[in-house]
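# A look at the structure
Here's the letter readout for the chains.
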Amino acid sequence: MGRIAYILPVAVFVVVSLFFLRGLQLDPKHIPSVLIDKPIPELNLPPLPGRDEVGLRTADIKGQVSLVNIFGSWCVACVAEHPMLLKIRKTGIVPIHGIDWRDDPAKGAAWLRKNGDPYDRVGADPDSHAAIDFGVTGAPETFVVDREGHIRYKHVGPITEEIWEDTLLPMIKELSR
Amino acid sequence: MRRALLPFVLMILGLAAVTPAGAVNPDEVLDDPVLEERARDISKGLRCVVCQNQSIDDSDADLARDLRLIVRERLVAGDSDAQVMDFVVDRYGDYVLLKPPFKATTYVLWFGPIALLLAAVFAVVSFYRGRAAAPAKAPADLTDEERRRLDKLLKDDR
């Protein structure tokens, strides 16, 4: 009994410290998506003015592995990400569809004319309905969608060279098989 | 005396009438006060995923505003409070609930503190029980050898 009285507080301290240590390493901004392996939400988004006449519908995304990218003309990080999207577009490996989130569609269209347009289909989502259906917490966010239209992965923040090479590309290859 | 108290009473009553306004903008408020009240209640229980420790009712973030509007939209469309909650949880997970749900994955959260308290009570009780059950032992009698030495010492002293 005597010895336990000394060891126990130390043991409790060590266990609590380990939890705190782990807690420090977790990123509170990283919220696991509950939509992984779920079908993409029902979409029927109008087009950006002057870009095309179709917009973005659920059926457009199904049929092949694709990326769905959330962007907006107001989004600073999207400007940083954009060259990478253009590069992916050039490789022709995977189609990228865009959702112009919480944006004036005219501004979204102007932004694409200025920065380049890497997208296959783009839908305007001025009132955030599509973004919230995707469980979006910020822009940019990118979803990997498989042939059947199921969300397989969500990347929060800009796609970098590293993330493309190490995470997205291998996954797309695997899903395309 | 009574007269002097009156301003203070009025002041305290005045403070009691003040309620925090939250972040709800006038253009978001529904015309139907009953629906608006329900929307406020639901919003207070939903976490803003951008600022995390605020409810969407408190938060000025754009996404919080979007969610407040969607909550109101669902209510106007005739959803029950539970349906509105489910709508948001389906998209953002249990994480958006400021009050964690009671289910298998959260048992540790709900029962942990009670279990720790019970363990502490048990430890304290058994500690004092153990002390009471074993009273201090009377010192053992001296051995013959010790008695001889003691006698010798006492004798030398004289």
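Residues numbered from 1 in each chain as written. Chains lettered and ligands numbered in written order. Predicted model: local features only at pLDDT ≥ 70, side-chain atom pairs only at ≥ 80, totals over all residues. Heavy atoms only, no water.

## Some details on the overall build of chain A
Counting its regular elements, chain A contains six helices and seven strands. Helices and strands appear in chain A in the N-to-C order α-β-β-α-β-α-β-α-β-α-β-β-α. Expected size for 177 residues packed as a compact globule is a radius of gyration near 16 Å; at 21 Å, chain A overshoots this value by more than 25%. Projected onto the principal axes, the alpha-carbon positions of chain A cover approximately 80 × 35 × 30 Å. Contacts spanning at least 24 positions in sequence make up 74% of the contacts within chain A whose residues lie at least 6 apart. In the form shown here, chain A has an accessible surface area of approximately 9500 Å², with 61% of it arising from carbon and sulfur atoms. In chain A, 20 side chains carry a positive charge and 23 a negative one; their mean positions are 4 Å apart. (Helix = DSSP H or I, 4+ residues; strand = E, 2+ residues; numbered from the N terminus. Rg over C-alpha atoms; globule rule 2.2 N^0.38 Å. Contact = heavy atoms within 4.5 Å. Areas by Shrake-Rupley, 256 points an atom, 1.4 Å probe, with all protein chains shown as cover. Lys, Arg positive; Asp, Glu negative; His and termini not counted. Charge placed at Lys NZ, Arg CZ, Asp CG, Glu CD.)

## Thoughts on the domain arrangement of chain B
Looking at the assigned domains, one finds that chain B contains domain 1 (18-100) and domain 2 (102-133). Taking only C-alpha atoms into account, the centre of domain 1 of chain B sits 37 Å from that of domain 2 of chain B. (Domains from an automatic or database assignment.)

## Comments concerning the sheet that holds strand β3 (residues 66-71) of chain A
Residues and elements named next belong to chain A. Taking strand neighbours across the sheet as the criterion, the five strands line up as β5-β4-β3-β6-β7 in an open arrangement whose pairing is mixed. Taken across any chain shown, the strands that pair with only one partner, and hence form the sheet edges, are β5 (122-125) and β7 (151-156). Sheet twist, expressed as the mean angle between neighbouring strand axes with direction ignored, is 20°. Relative to strand β4 (residues 96-101), β3 runs parallel, the two being bridged by five bridges. Bridging across to β4, Asn-69 finds its partner in Gly-98. (Pairing = 2+ DSSP bridges. Axes fitted to C-alpha atoms, helices over the stretch in contact; angles between N-to-C directions.)

## Section: the interface of chain A and chain B
Listed by partner, the interface residues are 16 residues for chain A and 17 residues for chain B. When the two sides are added together, the surface that chain A and chain B hide from each other amounts to roughly 1400 Å², 58% of it contributed by carbon and sulfur. Summed over the three residues of chain A that lose the most area to chain B, namely Ile-31, Arg-102 and Ile-132 of chain A, the buried surface amounts to 37% of that side. Summed over the shared surface of chain A and chain B, the result is three salt bridges. We note a salt bridge from Arg-91 of chain B to Asp-133 of chain A, for which the minimum N-O separation is 2.7 Å. A per-element tally of the side of chain A that touches chain B places helix α5 (residues 129-133) of chain A first, with four residues. Grouping the constituent residues of the side of chain A that touches chain B by class yields nine nonpolar, four polar and three charged. (Buried area = accessible area lost by both parts, 1.4 Å probe. Salt bridge = Lys/Arg side-chain N within 4 Å of Asp/Glu carboxyl O. Nonpolar A, V, L, I, M, F, W, Y, C, P; charged D, E, K, R; others polar.)

## Things to note about the packing of helix α2 (residues 33-44) of chain B against helix α3 (residues 62-76) of chain B
Residues and elements named next belong to chain B. The geometry of α2 relative to α3 is characterised by a closest axis approach of 10 Å and an angle of 135° between their N-to-C directions. It follows from the interaxial angle that α2 and α3 lie oblique. You can see that α2 and α3 cross each other, and the crossing is right-handed. Contacts between α2 and α3 involve Leu-35, Glu-36, Arg-38, Ala-39, Arg-40, Ile-42 and Ser-43 from the former and Arg-68, Val-71, Arg-72, Leu-75 and Val-76 from the latter. Along the lines of polarity and charge, the residues of the contact of α2 with α3 split into six nonpolar, one polar and five charged. (Parallel < 35°, antiparallel > 145°, perpendicular 65-115°, else oblique. Left-handed = near helix turned anticlockwise from the far one by under 90°.)

## Section: the pairing of β4 of chain A
Regular strands place their side chains on alternate faces of the sheet. Residue and element names in this part refer to chain A. Most of β4 is tucked away, with six of its six residues classed as buried. Here β4 shows two buried faces, one formed by Ile-96, Gly-98 and Asp-100 and the other by His-97, Ile-99 and Trp-101. Following the chain from β3 across helix α3 (residues 76-91) to the adjacent parallel β4, one finds a crossover that is right-handed. Here β4 pairs with β5 via four bridges, running parallel. From the neighbouring strand, Gly-98 faces β5, where its bridge partner is Val-122. With respect to chirality, the unit in which β4 leads through helix α4 (residues 105-115) into the neighbouring parallel β5 is right-handed. (Buried < 20%, exposed > 50% of the residue type's maximum accessible area, 1.4 Å probe, protein only. Right-handed = clockwise from strand over helix to strand, strands pointing away.)

## Digging into a nonpolar patch on the surface
Taken together, the side chains of Leu-5, Leu-6, Phe-8, Val-9, Leu-10, Met-11 and Leu-13 of chain B present a nonpolar region at the surface, about 710 Å² in accessible area. Residue placement: Leu-13 of chain B occurs in helix α1 (residues 2-17). (Patch = residues over 30% accessible without salt bridge, like charges linked within 9 Å, V, L, I, M, F, W, Y side chains within 5 Å.)

## Section: the packing of α3 of chain B against helix α4 (residues 81-92) of chain B
Residue and element names in this part refer to chain B. Running from N to C, α3 and α4 point in directions that differ by 140°, and their axes come no closer than 9 Å. The orientation of α3 relative to α4 falls into the category oblique. Once α3 is placed against α4, the crossing between them reads as right-handed. Where α3 approaches α4, its residues Leu-63, Leu-67, Ile-70, Val-71, Arg-74 and Leu-75 are matched on the opposing element by Asp-81, Val-84, Phe-87, Val-88 and Tyr-92. Taken together, the residues that form the contact of α3 with α4 break down as nine nonpolar, no polar and two charged.

## With respect to the state of the cysteines
Residues and elements named next belong to chain A. Overall, the coordinates contain one disulfide over all chains when judged by the stated rule. Covalent S-S linkage joins Cys-75 and Cys-78, the inter-sulfur distance amounting to 2.1 Å. Between Cys-75 and Cys-78 the sulfur-sulfur dihedral comes to about 90°; the bridge is accordingly right-handed. As far as burial versus exposure is concerned, Cys-75 and Cys-78 are alike and both buried. (Disulfide = S-S within 2.5 Å.)

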